[in-house]
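Inside the fold
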Amino acid sequence: MRKMIFFLLLFQAAFGAAQTRTLVIEPTFGKTALQLNTYYRLSKNDSLQITNLKFYISNLQFFNDGALVWVEPNAFYLIDAADSTRLKRSLKIPNHLTFNALQFDLGIDSITNVAGALGGDLDATKGMYWAWQSGYVNFKLEGRSNLCPTRKNAFQFHLGGYLTPHNALQTLYLKGISPNNLTLLFDLQPLFENLDLKTQNSIMIPSEETVLLAQKVAKSFKRMMNDK
């Protein structure tokens, strides 16, 4: 795979003509666009408020009928629900490229983690780096719910870790993607409907529990249907 990516990058450099396409991440709660600090009702007749949502997507790879056709070089994007400019990312895609699937990582790979805090979206000042254990937080979700028997009814999920067996990185493969449909929905409602906030309301270190929740978070992504 590494050799294939290398040759793809050489091809992209040789045929540099590109068009700008926008990758859009739309956080939602069910069919409603997510608004921080707004209360959302759960089917159990309880409610919750999300105050902070940040996560990394990286290693973007585009496929056409199962074949890798393009790799976005050095792609590490911090998505922040509090900053609308971070929900839309410009990609320089080669002209006339055809693809129908996207693969990406939810989080930061181990090689980048061991390199230490870097610049840009990977800068430690973004609040997504655990200096105490030299690693990135892949996904951060915070809020409040009366279901939580915690101080101020707060829940905190900081998911990270790159060492086996607690590597929380998740790789997603979404079909139905095209140059004209690069919008990904991230729906938090199913996650919370299947989460018991009474007993699970705080994860702050790499663990087996972290990995299991990261797997559930990854299932919250889907492509936007054209007729949305």
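Here goes a summary of the coordinates provided. For clarity, every value in this text was computed on a predicted model and none was experimentally measured.

**Topic: the environment of Ala17**
Following the sequence through the fold, Ala17 ends up in the loop between helix 1 (2–14) and strand 1 (18–29). In the structure, Ala17 is positioned 79 residues away from His96 in sequence and 9.5 Å away in space, judged by C-alpha atoms. With sequence-adjacent residues up to four places away left out, Ala17 is seen in contact with Pro94 and Asn95.

**Notes on the packing of aromatic side chains**
Within the structure shown, the criterion is met by 15 aromatic pairs. Ring geometry for Phe139 and Phe186: centres 6.0 Å apart, planes at 65°, overall edge-to-face. Pair noted here: Phe139 is in strand 10 (residues 135–144) and Phe186 is in strand 13 (residues 183–187), with a separation of 47 residues, a long-range link. Accessibility expressed as a relative area gives 0% for Phe186, which makes it buried.

**Concerning the environment of Gly135**
By the secondary structure assignment, Gly135 is in strand 10. The class for Gly135 is buried, based on a relative accessible area of 0%. Considered as a pair, Gly135 and Ile108 are 27 residues apart in the sequence and their alpha carbons are 8.8 Å apart. Gly135 has contacts with Asn113, Tyr129, Trp130 and Tyr162, leaving out every residue within four places of it along the chain.

Definitions and limits used
Residues numbered from 1 in each chain as written. Predicted model: local features only at pLDDT ≥ 70, side-chain atom pairs only at ≥ 80, totals over all residues. Heavy atoms only, no water. Helix = DSSP H or I, 4+ residues; strand = E, 2+ residues; numbered from the N terminus. Contact = heavy atoms within 4.5 Å. Phe/Tyr/Trp six-rings, centres within 6.5 Å; stacked < 30°, edge-to-face > 60°. Buried < 20%, exposed > 50% of the residue type's maximum accessible area, 1.4 Å probe, protein only.

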